[in-house]
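Single-letter residue listing:
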Amino acid sequence: MEKVNFRTQILSGHLQNHRHSTAADIISASPCVSYVPPEVSEQPFSFDVSSMRKLMDGHNLGDRDWLFNLMVQSKLFNPRLRGGKVFVVPDYNHSMEQQREITMKRIEYLLDHGVFKGWLTGKGPEAEMKKFALLEVIEIFDHSLAIKIGVHFFLWGGAIQFFGTKRHHDRWLSATENYLIKGCFSMTELGHGSNVRGIETTATYEANTGEFVINTPCETAQKYWIGGAANHATHTVVFSQLNIDGNNQGVHAFITQIRDENGNVCPNIRIADCGHKIGLNGVDNGRIWFDNVRIPRENLLNSVADVSPDGKYLSAIKDPDQRFAAFLAPLTSGRVTIAASAVYSAKISLAIAIRYALTRRAFSITTNGPELLLLDYPSHQRRLLPLLAKTYAMSFASNYLKLLYIKRSPQLIKTIHVVSSAFKATLTWHNMRTLQECREACGGQGLKTENRIGQLKGEYDVQSTFEGDNNVLMQQVSKALLAEYVAAKKRNKPFKELGLEHMNNSCPVIPSQLTSSNLRSTQFQNDIFCLRERDLLNCFAAEVSKYQAQGESKESAFVVSYQVAEDLGKAFSDRAILQIAVEAENNVTDASLKNILGLLRSMYVLVTLEEDAAFLRYGYLSTDNAAAVRKELAKLCSEIRPQALALVSSFGIPDAFLSPIAFDWVAANSWSTIEN
């Protein structure tokens, strides 16, 4: 009722002011809304943006900027003038067929300008980090383009690199890098996605001919969602059950040609289009059937196992489970790149939404006063700034994951698998939530394709399920933690892997009454995240043990303990991200950077405490302390608000790769843009 009276008073004031005015006076008394750049209206930056960008991107800044400039220079990247600025964004008004055609033309342009040089033939960590950096820039422009390239280099090319041996490297890697062939990756089937062990395609060895016969025995064995298969790919790596003399040796990978040099589908192969999708329509996803396709014995990718000419199965790894794990271990590169691209997608949407909120006004809260900027409303701050803090923390986590991956060794296989699974799930879920909130925060403008955020939702939705369903990946994380727990207890030795060393210490004690100082201290933040993880791991172990004692199998016990497993997976990921962010903060010497990173870190922790019901469910927070967390979050929002523009500017995304509403949205929507 108070709001109604307040608005009535304002309207009355307007009417009284205009009672003796002419129509012209009334019009002139209400000036039009004008755009004021946030760089003009906001206070000067309190920290060096270029230094913060170095922390965020982490590596290869010069290579990134070179590729940004290369794309802006070409009409292939759809430059358009809007509001006095040029933007490069894919034209999603194109048909599916047109999007696929322009995606291949863009790949050819990048190839001609040397973007892919060394992506498969380069050696050492520097080459790998440069490849990651350039792919991230491509992601910022168009997810379809990045996925099409990623399938060719990271999946097809990665399979040749890691599953193959010298004979495969010599024949295929350079040809792949130069697009003399176009590769795809045939793992997923209609009937099996996450459960790779259950795939039904067969590869039967015939010793008398020295050939494998690849076959699709039933409709559920058709290869499905194969990126590049529908139109362009000439070769594929086929994952199949290897059969020798009636014995199944499990899943192995085989090189198979599916089109000739003229683009014609090869004999005994059938290919169909997966059709239009909610996003990624620049990628030609296809379905493949193999009708007793013969390939030479040498096409088996044999780094893990081989078949001799006379049909003997050869592998140094005798245990089938270990062999399967070794076989799939290199595929973590897909999860690494997905996690990184999710962070950059979140950065795009936050940069657009926050810049818009710094220039768009709505409602006045004083009589005849000016309308407020959206980001000056505490409610709007609460919607966007915690997501910004999370994105900063997850950016550090993504950079850590890339470094972990390029340092890979047999000893790190388990760690890389667990961390990449956890981060891929956590970061892609975060991206989708961020896109939705930013879309809503931009109101109707968020619906326009040219403003990017709404379209990105459809483009990135797939990340929650490809390269491993997020929920399944989190279950794998919890199972790995349980295995480490059981092994440590059985050996009666300290924990030493997967970041569980904190369980060797005494159980953290949380203060009964949390103050602002407590809530912002690194010690408390680490303690409560570690407390949650150790307690949930103990609960999960006890619950699985209880069901096994009742006669359930180990796998069945896992299935019925899914609720604790889900909570544990999140606890592991959150704790790992926090510790990475703290380490990054500790490595900073500049006081202004350290100060803002501390605020962001505290906001990341406190919003996690507020949003995850596990802290209340399991008693890690009392209701009074939960109220204190909520109050402190509001204070942090008001403290971070003056730094919002500097924080999104630190993402280093050029203006051309954002959208019109991030800048002069009045000019971008003026009548003159239609006339011109």
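Residues numbered from 1 in each chain as written. Predicted model: local features only at pLDDT ≥ 70, side-chain atom pairs only at ≥ 80, totals over all residues. Heavy atoms only, no water.

- As named in an unreviewed UniProt entry, the protein chain is Acyl-coenzyme A oxidase, taken from Fraxinus pennsylvanica.
- Per UniProt, the protein chain carries the Cofactor (unreviewed entry) text "FAD".
- Among the UniProt annotations of the protein chain, the heading Sequence similarities (unreviewed entry) holds the following wording: "Belongs to the acyl-CoA oxidase family." (UniProt positions renumbered as here; feature names shortened; annotations may be inferred.)

## Regarding the UniProt feature "active site" (unreviewed entry) in the protein chain
- Under the UniProt annotation, the feature "active site" (unreviewed entry) is placed at Glu-467.
- Assignment of secondary structure puts Glu-467 in the loop between helix 14 (453-460) and helix 15 (470-491).
- For Glu-467, a relative accessible area of 25% puts it in the partly exposed group.
- Those residues in contact with Glu-467, other than ones at most four positions away along the chain, are Leu-155, Leu-331, Gly-334, Arg-335, Ile-338, Lys-424 and Leu-473. (Helix = DSSP H or I, 4+ residues; strand = E, 2+ residues; numbered from the N terminus. Buried < 20%, exposed > 50% of the residue type's maximum accessible area, 1.4 Å probe, protein only. Contact = heavy atoms within 4.5 Å.)

## Here's the deal with the nonpolar core
- Membership of the largest hydrophobic core comes to 202 residues, with the highest contact counts inside it found for Leu-110, Trp-119, Ile-149, Phe-239, Ile-354, Phe-423 and Leu-609.
- The greatest single-element share of this core, amounting to 14 residues, is contributed by helix 12 (residues 378-406).
- Residues in contact with Ile-354, not counting those within four places in the same chain, are Leu-375, Leu-384, Leu-385, Leu-388, Ala-644 and Val-648. (Core = buried A, V, L, I, M, F, W, Y, C linked by side-chain atoms within 4.5 Å.)

## Structural notes on the packing of helix 17 (residues 522-549) against helix 20 (residues 591-611)
- Orientation of helix 17 relative to helix 20, taken along the N-to-C sense of each, is 35 degrees, at an axis distance of 11 Å. Between helix 17 and helix 20 the crossing geometry is left-handed. For the pair helix 17 and helix 20, the contacting residues are Thr-522, Phe-524, Gln-525, Ile-528, Phe-529 and Arg-532 in the first and Arg-601, Ser-602, Tyr-604, Val-605, Thr-608 and Leu-609 in the second. (Axes fitted to C-alpha atoms, helices over the stretch in contact; angles between N-to-C directions. Left-handed = near helix turned anticlockwise from the far one by under 90°.)

## A look at the environment of Ser-345
- Looking at the secondary structure, you find Ser-345 in helix 11 (residues 332-357).
- Ser-345 sits 277 residues away from Phe-68 along the chain, and the two C-alpha atoms are 16 Å apart.
- Those residues in contact with Ser-345 that lie beyond four places of it in its chain are Asn-431, Leu-435, Leu-456 and Tyr-460.

## Some words on the sheet that holds strand 9 (residues 269-273)
- On the basis of which strands lie adjacent, the open sheet formed by 3 strands has the order 6-10-9 and antiparallel pairing. Looking at strand neighbours, the two that pair on one side only are strand 6 (223-227) and strand 9, the edges of this open sheet. Within the sheet, the average angular offset between the axes of one strand and its neighbour, ignoring direction, is 35 degrees.
- Direction of pairing for strand 6 relative to strand 10 (residues 285-290): antiparallel, over a ladder of 3 bridges. Bridging across to strand 10, Lys-223 finds its partner in Ile-288. (Pairing = 2+ DSSP bridges.)

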